[in-house]
Amino acid sequence: MNLIFLGPPGAGKGTIAAIVKDAYKIPHISTGDLFRANIKNETELGKMVKEILASGNLVPDEVTIKMVENRLGESDAKSGYILDGFPRTIAQADALSQMSLVDHVINFVIDRETILKRLSGRRVCKSTGRTYHILYNPPKVEGIDDETGEPLIQRDDDKEEAILNRLDVYEKSTAPLINYYKEKGLLIDLDASKSPEEIFEEFKKVVK
Ligand code: AP5
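These numbers were taken from a predicted model, which means no experiment stands behind them. (Residues numbered from 1 in each chain as written. Predicted model: local features only at pLDDT ≥ 70, side-chain atom pairs only at ≥ 80, totals over all residues. Heavy atoms only, no water.)

## Focus on the sheet that holds strand β2 (residues 28-30)
Threshold: Two strands form a pair only when DSSP identifies at least two bridges running between them. Runs of E in the DSSP output that reach at least two residues are strands. Runs of H or I that reach at least four are helices, and both are numbered from the N terminus. Every axis corresponds to a line fitted to the C-alpha atoms, with the helix fit spanning only the stretch in contact, and the corresponding angles, defined between N-to-C directions, vary from 0 to 180 degrees. Pairs of residues are marked as contacts when any of their non-hydrogen atoms sit within 4.5 Å.
Here we have five strands laid out as an open sheet, ordered β2-β3-β1-β4-β8, and parallel in their pairing. Looking at which strands have only one partner, the edges of the open sheet turn out to be β2 and β8 (187-191). Each strand axis lies, on average, 25 degrees off the axis of its neighbour in the sheet, ignoring direction. Of the strands in this sheet, β2 and β3 (81-84) touch helix α2 (residues 31-40), which is tilted by about 65 degrees from β2.

Okay, structure coming up:
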């Protein structure tokens, strides 16, 4: 099954993708995670995109499309995938349609106030990318990753100024994809304000 998870920053796409990945045995391909891995490993790509990610702006389409094309060419993506955070522009969606057939586009529907609460409380383990929330999904020991014991950090783009910019960028560049995929008959709305367990139950009902 080839899935796109579409939705504003902090809607819970990565959280639900982690559950769906295990349940359906398909890879979770997050363009944000791929960029962050490149930044951590100090690759040429990582150096190019570091400031862009910190500000909350979008990486240029050609760079992002090439990276996704390479990733979808790997063997584990042949039996299906969850694309989380891609496409984010009409140009990216047009490029994807040349690479692969998409079965469903899951649109995470959520209000701005909930997004702000989720992003400002998010903490991550830098080495594994595991995600927590200080209120909704706290680690066993405050500030420490449950499995690696490493200190948790706040993402650079989870600071207030970058969050507000990411929301503006979403409205301007990514929200038009809702109609784009609705017109293709691929869009499924999911109420993302519920708990992860409830969202996953709903997901199973709507995705056959
Ligand atoms: P990316 O990493 O994709 O960031 P994003 O889309 O802004 O998504 P987030 O990771 O912020 O949110 P999420 O929806 O996954 O929420 P999460 O599950 O973590 O992209 C980062 C940057 O990379 C972009 O700004 C851009 O610069 C670049 N980039 C990436 N893709 C690109 C592209 N295609 N083109 C160009 N540039 C690109 O949840 C958030 C918090 O809420 C967590 O703390 C979690 O614990 C909590 N939470 C989640 N679900 C629930 C729930 N149901 N109830 C309570 N709490 C919850």
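## Overview of the packing of aromatic side chains
We apply this condition: Only Phe, Tyr and Trp rings are paired, with Trp represented by its six-membered ring, and only when their centres lie within 6.5 Å; those with planes under 30 degrees apart are stacked, over 60 edge-to-face, the remainder tilted. Residue burial is assigned from relative accessible area. The probe radius is 1.4 Å, only protein chains are included, and a residue is buried under 20% of its type maximum, exposed over 50%, and partly exposed in between.
What the rule picks out here adds up to five aromatic pairs. With a centroid separation of 5.1 Å and 55 degrees between ring planes, the pair formed by F5 and F108 is classed as tilted. Of this pair, F5 sits in strand β1 (residues 2-6) while F108 is found in strand β4 (residues 104-109), placing the two residues 103 residues apart along the sequence. The same class applies to F5 and to F108, which are both buried.

## Concerning the pattern of salt bridges
Rules: Whenever Lys or Arg places a side-chain nitrogen within 4 Å of a carboxyl oxygen from Asp or Glu, that contact is recorded as a salt bridge.
Going through the model one piece at a time under the given rule, you end up with 14 salt bridges. Between D158 and R122 there is a salt bridge, and its shortest N-O distance comes to 2.8 Å. You can see D158 sitting in the loop between β7 (152-153) and α7 (160-174) and its partner R122 sitting in strand β5 (residues 122-125), a full 36 residues away along the chain. Note that K204 is salt-bridged to E201, the shortest N-O span being 3.1 Å. A residue pair is termed a helical-turn pair when its members lie 3 or 4 positions apart in one helix, as K204 and E201 do in helix α9 (residues 196-206) at three residues. In the salt-bridge network here, residues are joined through shared partners; they are R122, R155, D157, D158 and R166.

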